[in-house]
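Residues per chain, in single letters:
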Amino acid sequence: MKHSQPPRRDFLRYMGTLALSAPAVAAANDQDKVTFPPIYDKSEKPEQTEPPADPWNERVGVAIVGLGRISVNEMLPAFAQSKHAKPVALVTGDRAKGLKIAHQYNIPEANVLDYRDFEKLAQIPDVQAVYIALPNGMHAEYTTRAARAGKHVLCEKPMANSVAECQQMIDACKKAGKKLMIAYRSQYEPMDRALAKMVREKKLGALKEFSSVNSQDMGDPQHWRLKRKLAGGGALPDVGLYCLNAARFLSGEEPSEVIGNTWSTPGDPRFREVEESCQFILRFPSGFMASCSTSYAAHKSQFFRLNGAEAWAEMDPAYAYHGLKLKVTRVVDGKEQASDIQIEEKNQFAAEMDHFAQCVRQDKEPHTPGEEGLQDQRIMEAIYESARKGRPVKLSPPQHTRGPEPQDQQGG
Ligand code: NAD
């Protein structure tokens with residue numbers, strides 16, 4: 001079957017998209033958008049409408065590299081809610097799995113490649129970009145190979161295992177004239193974005209403290225996440241990174257000094273190569289402080305509290321794929337008042353993929369480019385250094401971190 005422009009019936013069948021309405025699939029821009037007269041009185045909030053989706057043949061074609069949990073359980077299903085991207089190829093070491101998934105998503109069998117044939121992506125014009133969802137230690141190699149094959153890159157977090165690898169990825173994409181974006185989904189998530197806006201508008205007053213935990217209890221000691229070469233580290237680069245990145249993007253500041261501590265329970269077979277837990281403090285030039293803790297051996301716990309001089313905001317759970325809850329507390333008329341902020345949930349994977357696709361199509365810098373991942377890696381290396389040496393480690397300001405803010409509508 002010709003796959004670049006499937007009939008709408010096939011698209012709906014294969015993508016299983018209850019979320020996509022028929023007019024949304026065909027609409028190209030605002031004048032093509034199907035609109036309806038209002039039916040509610042002024043007392044109701046205005047009906048929310050989504051921006052129109054791109055026609056199928058105009059969407060950015062993406063090869064999914066690595067068919068593990070994040071690709072199969074999250075990103076591939078999220079294409080059903082994407083407006084600007086489509087999956088067109090798969091790279092996997094397991095051809096049977098690849099074919100099964102290819103049939104689900106209407107991807108031609110010829111576009112299911114083995115890692116050894118990765119360079120063949122260059123000969124598939126439908127593939128404009130790759131989404132790299134491999135173990136962390138493989139991100140640098142596959143980003144570099146993708147750039148050389150002429151493809152834009154959306155790479156999962158953490159960007160890589162070292163500052164040197166991050167720089168290699170940035171240089172390779174720059175040399176090839178291709179986009180590089182790191183998949184920091186929280187930065188495209190509406191509740192986090194609303195909070196970052198509140199901070200920018202000084203709604204919490206001057207920021208003072210950020211406290212956060214992101215922990216989970218790991219099982220299989222043989223999993224790649226517990227192998228140094230493939231994971232780069234333990235809890236810190238995998239889940240502690242969310243706390244670190246949130247402290248930076250919510251405050252809009254960069255730390256000038258870090259203090260770190262790591263711990264692994266002696267004899268625990270899971271932590272022979274990587275740390276079990278890490279506690280770290282980030283000092284920012286304004287006096288704002290972040291105090292974070294992450295563990296691979298504690299029951300799942302994901303939250304943060306951001307404390308300003310005039311109010312605090314709390315997300316619990318934070319960092320999760322679904323069910324985030326945001327509360328803001330301040331004094332109103334002499335009484336402490338807590339408000340639950342209600343913001344409609346959006347698929348974070350579709351939002352980040354659509355931002356990436358729009359950057360590719362409009363030749364814009366992504367909001368979370370390689371430099372954003374590089375800065376987190378610099379800070380994580382400083383945290384490990386501080387833990388090793390038992391003293392604070394200073395950090396110079398980065399040259400560059402984030403690109404322009406995404407628009408608030410999905411895909412902007
Ligand atoms: P996973 O173990 O489920 O999948 C990894 C995939 O890589 C598998 O398909 C595996 O076969 C393949 N692979 C290829 N070579 C391999 C090798 N030498 N050793 C092990 N696996 C190999 O992992 P995952 O949870 O999908 O994580 C993949 C990436 O996505 C990681 O970088 C991770 O940090 C990131 N991730 C991001 C999020 C997020 O919310 N953004 C969530 C989970 C994972």
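Let us look at the structure shown here. (Residues numbered from 1 in each chain as written. Predicted model: local features only at pLDDT ≥ 70, side-chain atom pairs only at ≥ 80, totals over all residues. Heavy atoms only, no water.)

**Thoughts on helix α10 (residues 348-362)**
Thought 1: Relative to the 21 Å expected for 15 residues at 1.5 Å per residue, α10 spans 21 Å between its end C-alpha atoms, a close match to the ideal helical length.
Thought 2: Taking burial as the measure, the 15 residues of α10 include 13 buried ones, the bulk of the element.
Thought 3: Between a side-chain oxygen at the N-terminus of α10 and the backbone nitrogen of Phe349 the separation is 2.8 Å; the capping residue is Asn347.
Thought 4: A positive backbone phi angle near 50° is found at Asp363, which sits one or two residues after α10. (Helix = DSSP H or I, 4+ residues; strand = E, 2+ residues; numbered from the N terminus. Expected span 1.5 Å × (residues − 1). Buried < 20%, exposed > 50% of the residue type's maximum accessible area, 1.4 Å probe, protein only. Polar contact = N/O pair within 3.5 Å; in protein donor to acceptor, adjacent residues only side chain to side chain.)

**Brief notes about the sheet that holds strand β14 (residues 335-341)**
Adjacent strands of a sheet form backbone hydrogen bonds with each other and so pair up, either parallel or antiparallel.
Thought 1: The nine strands lie next to each other as β14-β13-β12-β11-β7-β10-β9-β8-β15, forming an open sheet whose pairing is mixed. The sheet is open, and its two borders are formed by β14 and β15 (393-394), each paired with just one other strand.
Thought 2: Relative to strand β13 (residues 326-332), strand β12 (residues 311-315) runs antiparallel, the two being bridged by five bridges. In the strand pairing of β13, Met315 is matched with Leu326.
Thought 3: Across the sheet, helix α11 (residues 370-389) touches β8 (257-263), β9 (277-283) and β15, and the angle it forms with β8 is around 65°. (Pairing = 2+ DSSP bridges. Contact = heavy atoms within 4.5 Å. Axes fitted to C-alpha atoms, helices over the stretch in contact; angles between N-to-C directions.)

**Points about the packing of aromatic side chains**
Thought 1: All chains considered together, the criterion is met by seven aromatic pairs.
Thought 2: A centroid spacing of 5.1 Å and a plane angle of 85° characterise the contact between Phe118 and Tyr142, whose relative ring orientation is edge-to-face. Of this pair, Phe118 sits in the loop between β3 (112-113) and β4 (129-132) while Tyr142 sits in helix α5 (residues 139-148), and the two are 24 residues apart along the sequence.
Thought 3: Judged by relative accessible area, which is 0%, Phe118 ranks as buried.
Thought 4: Aromatic pair Phe210 and Phe304: ring centres 5.4 Å apart, planes at 35°, arrangement tilted. Within this pair, whereas Phe210 is found in strand β7 (residues 207-217), its partner Phe304 is found in strand β11 (residues 297-308), the two being separated by 94 residues in sequence. For the pair formed by Phe210 and Phe304, the shared burial category is buried.
Thought 5: Put simply, the rings of Phe210, Tyr242, Phe304 and Tyr319 pair up and form one aromatic cluster.
Thought 6: The ring of Trp312 carries the charged tip of Arg305 above its face, separated from the ring centre by 3.5 Å. (Phe/Tyr/Trp six-rings, centres within 6.5 Å; stacked < 30°, edge-to-face > 60°. Lys NZ or Arg CZ within 6 Å of the ring centre and 35° of its normal.)

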